[in-house]
Amino acid sequence: MKRDKEKTDNFIDDGRTVADMSGIYNKSLFGGRMNAEDWEKADEMEAERLSYAEDMNYRPWEKKELSRTEKVALVLGALKASLLIWLAFVVGLGGFILILTLVFKSILE
């Protein structure tokens, strides 16, 4: 344990990016294929990323403000994720109630 703590205490971040994930296009949660507009948008994002390649101090994760479309995408993504979790709980609760109903029906008969 002491050895691991020494390794983390001596770590110095030099600011280099191992894998820049800023240009990755977000696909829809329920959609499967990209249409022509999505491919064009992905190409534009790639061109923008390459234009910033010369500037080594560019850090897209330090962007302070989000555009309206980015905010809407974040809200919809959170709602979709919560809907899936809610759906899993409802199905589980329904299965539990069904099992209890069958067990008590067989006991009472």
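Bear in mind the structure is a predicted one, so any value in this text is a computation, not a measurement.

1. Details of the overall build of the protein
Okay, step 1: Assigned secondary structure in the protein consists of three helices and zero strands.
Okay, step 2: Here the protein holds 109 residues, and 2% of them are scored as buried.
Okay, step 3: Split by element, the accessible area of the protein, about 10600 Å² in all, is 61% carbon and sulfur.

2. Thoughts on a nonpolar patch on the surface
Okay, step 1: A contiguous nonpolar patch, built from L93, F96, I97, I99, L100, V103, F104, I107 and L108 and spanning about 920 Å² of accessible area, is present on the exposed surface.
Okay, step 2: Note that I107 resides in helix α3 (residues 68-108).
Okay, step 3: Classification of I107 by relative accessible area gives exposed; the value is 57%.

3. Overview of a negative patch on the surface
Okay, step 1: Judged by side-chain charge, E37, E40, D43, E44 and E48 come together as a negatively charged surface patch.
Okay, step 2: Mapped onto the elements of the fold, E37 is located in helix α2 (residues 36-51).

4. Side note on the confidence of the model for the protein
Okay, step 1: The share of residues in the protein with pLDDT of 70 or more is 64%, and the mean pLDDT across the chain is 78.
Okay, step 2: Mean pLDDT across the elements of the protein bottoms out in helix α1 (residues 2-9) (60) and peaks in α3 (94).

Thresholds, definitions, all that
Residues numbered from 1 in each chain as written. Predicted model: local features only at pLDDT ≥ 70, side-chain atom pairs only at ≥ 80, totals over all residues. Heavy atoms only, no water. Helix = DSSP H or I, 4+ residues; strand = E, 2+ residues; numbered from the N terminus. Buried < 20%, exposed > 50% of the residue type's maximum accessible area, 1.4 Å probe, protein only. Areas by Shrake-Rupley, 256 points an atom, 1.4 Å probe, with all protein chains shown as cover. Patch = residues over 30% accessible without salt bridge, like charges linked within 9 Å, V, L, I, M, F, W, Y side chains within 5 Å. Salt bridge = Lys/Arg side-chain N within 4 Å of Asp/Glu carboxyl O. Lys, Arg positive; Asp, Glu negative; His and termini not counted. Charge placed at Lys NZ, Arg CZ, Asp CG, Glu CD. pLDDT = per-residue confidence, 0-100.

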